[in-house]
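Residue-level listing of the chains:
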Amino acid sequence: MTTNERPFDLLNKSIGKQVMIRLKNGTDIRGKIVSFDVHMNIVLDTTEELEEGGSVRSRLGTILLRGGNILFVSPA
Amino acid sequence: MTTNERPFDLLNKSIGKQVMIRLKNGTDIRGKIVSFDVHMNIVLDTTEELEEGGSVRSRLGTILLRGGNILFVSPA
Amino acid sequence: MTTNERPFDLLNKSIGKQVMIRLKNGTDIRGKIVSFDVHMNIVLDTTEELEEGGSVRSRLGTILLRGGNILFVSPA
Amino acid sequence: MTTNERPFDLLNKSIGKQVMIRLKNGTDIRGKIVSFDVHMNIVLDTTEELEEGGSVRSRLGTILLRGGNILFVSPA
Amino acid sequence: MTTNERPFDLLNKSIGKQVMIRLKNGTDIRGKIVSFDVHMNIVLDTTEELEEGGSVRSRLGTILLRGGNILFVSPA
Amino acid sequence: MTTNERPFDLLNKSIGKQVMIRLKNGTDIRGKIVSFDVHMNIVLDTTEELEEGGSVRSRLGTILLRGGNILFVSPA
Amino acid sequence: MTTNERPFDLLNKSIGKQVMIRLKNGTDIRGKIVSFDVHMNIVLDTTEELEEGGSVRSRLGTILLRGGNILFVSPA
């Protein structure tokens, strides 16, 4: 079985939409994807750092996240 | 003894099917492979994070997993 | 939905302006971006290392920060 | 003294045969090599995760192991 | 706003001058830059390893520091 | 002063001979070099894992060791 | 201010001479440089592993040290 889809299609379809990103250090952040590149560097808008339970720990606003720190990205 | 098979054939045959993925941090996740690329970045559907015993800890839905975090992938 | 923006545009728009940078080791630093390159190496001016609460722990002046140490960059 | 042998010859000669693989995280696994690539990504059949003493802790079946996690591979 | 400056300009302007370098392992060292390359490998003269408070712990003389160990470089 | 020798010459001269290899994780192993490649991947014969004091902890037989795990190689 | 010197010149001038090398794991070793390559892989002669205070802990003889483990190299 083959597919023409590629993993980065998920990022492309998520531009302008909210995603949850789990970082390698265990932190969860949430924000709206503005842009990304082939290294999975991502600019997020209205970014929030989340507590373990999902409540907001701090508001980070706009950030440029280095892709190498990402465990996974999930459409919120 | 030679073979024409390549490791990524296993991912290709698993598209649309459920796999279990053990991460380097020890976490097990389970989901259906939607797509993957040469870096082993994988999009999974109906993803679940598992407890040590195999029961579901949390439902993650669709995720884009960075390949560098993977220890191994196993057809479920 | 597509966009012509790229993650590094955020750095380019921030030249001469103050940003907050969270490092992989958990430290937060603040300073004005002088220049950057494709590896996200960044020269910052009037750099300050911050305490957990956001107050200034030490003044570092001008620094050349290696990009590989960065978790994220945020316009202050 | 020179030789025409190359390290990956050992993997090639082991296709269809059982090997023991020690991972960087200290885990030992055992299985039959189905295929491998230049990154030392390996597909194993009838894979078993071993206890410290060598007894079987769990059966993993077929897995695609990322080469970067390998400490060494040994014909069983 | 654009600039023609590049991060490595800071190193170039610092040749023959004293800098403070914070390493990833938390150590601070101080010395005069003799030369550097694109990997940020740096030769330092009259190098000193510093205590947390800034006093000298040990004199290292001339060293070739591997760039990958650097957190940041700051003109002293 | 210049030399025409290269570090890998030491490995080449050691083919068929016993070496001691210290791994990054602190383990010492001993064995006879069968082959190696540019990544310092090494096939060893009659490999032994050593205790801190130098006595044999376990016999590993033939192994393919990934070069990235090596701290240093020393002719025994 | 510019210079024609390059960091690796220090290694080249040290061939046949004794150097002290601090490893990333905190260990200090001392030996005479036989050869090196662009990855900073270094062959050392009459190598000694040093105690914290500088006394000799063990004699390692000739070793091929992988460059990636090096923090800095200093002419002894």
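To be clear, the structure that these remarks concern was listed above.
Predicted model only: the values in this text are computed from it and were never measured.

Colleague: What's the story with the arrangement of the chains in this structure? I'm lost.
Modeller: Regarding chain D and chain E, which are not in contact, the minimum distance between any of their C-alpha atoms is 20 Å. The two units chain E and chain F are non-contacting; their minimal C-alpha-C-alpha distance is 16 Å.

Colleague: Hey, could you run me through the interface of chain C and chain A in this one?
Modeller: Bring the parts together and some accessible area is lost; that lost area is often taken as the interface size. Each partner contributes residues to the interface: chain C has 21 residues there, and chain A has 19 residues. Note on chain C versus chain A: buried area summed over both sides is about 1,700 Å², and carbon and sulfur give 62% of it. Across the pair arginine 22 of chain C and glutamate 49 of chain A runs a salt bridge, and its minimum N-O distance is 3.1 Å. In this structure, the connection of chain C to chain A is made through nine residue pairs in polar contact (both at pLDDT 80 or more). Broken down by secondary-structure element, the contributors of at least two residues to the side of chain C that touches chain A are α1 (8-13) and β5 (70-75) of chain C. The class makeup of the residues in the side of chain C that touches chain A is 11 nonpolar, six polar and four charged. Taken together, the two bridges between strand β4 (residues 56-65) of chain A and β5 of chain C define a ladder with antiparallel strand orientation. For leucine 65 of chain A, the partnering residue across the bridge sits in β5 of chain C and is phenylalanine 72 of chain C.

Colleague: Mind showing me how you'd approach the packing of aromatic side chains here?
Modeller: Given two aromatic rings, their pairing is described by the distance between the two centres and the angle made by the two planes. All names here are of chain C. A complete count under the given rule lists seven aromatic pairs over all chains for this structure. Here the aromatic rings of phenylalanine 8 and phenylalanine 36 are separated by 6.2 Å at their centres, their planes lie at 40 degrees, and the arrangement is tilted. Linking phenylalanine 8 in helix α1 with phenylalanine 36 in strand β2 (residues 28-36), this pair joins segments that are 28 residues apart in sequence. The same class applies to phenylalanine 8 as to phenylalanine 36, namely buried.

Colleague: Please clarify how the side chain of serine 14 of chain F should be interpreted in this entry.
Modeller: All names here are of chain F. Within the secondary structure, serine 14 is located in the loop between α1 (8-13) and β1 (18-23). When its relative accessible area of 6% is taken as the criterion, serine 14 is described as buried. Setting aside its immediate chain neighbours within four residues, serine 14 contacts Val19, Ile33 and Pro75.

Colleague: Can you walk me through the interface of chain D and chain F in this structure?
Modeller: The interface is formed by 21 residues belonging to chain D together with 19 residues belonging to chain F. Here chain D and chain F share an interface that buries about 1,800 Å² over both sides, 62% of which is from carbon and sulfur atoms. At the junction of chain D with chain F, the criterion picks out one salt bridge. Inspection of the chain D/chain F interface yields nine residue pairs in polar contact (both at pLDDT 80 or more). Within the residue set of the side of chain D that touches chain F, elements represented by two or more residues are α1 (8-13) and β5 (70-75) of chain D.

What counts as what
Residues numbered from 1 in each chain as written. Chains lettered and ligands numbered in written order. Predicted model: local features only at pLDDT ≥ 70, side-chain atom pairs only at ≥ 80, totals over all residues. Heavy atoms only, no water. Contact = heavy atoms within 4.5 Å. Buried area = accessible area lost by both parts, 1.4 Å probe. Salt bridge = Lys/Arg side-chain N within 4 Å of Asp/Glu carboxyl O. Polar contact = N/O pair within 3.5 Å; in protein donor to acceptor, adjacent residues only side chain to side chain. Helix = DSSP H or I, 4+ residues; strand = E, 2+ residues; numbered from the N terminus. Nonpolar A, V, L, I, M, F, W, Y, C, P; charged D, E, K, R; others polar. Pairing = 2+ DSSP bridges. Phe/Tyr/Trp six-rings, centres within 6.5 Å; stacked < 30°, edge-to-face > 60°. Buried < 20%, exposed > 50% of the residue type's maximum accessible area, 1.4 Å probe, protein only.

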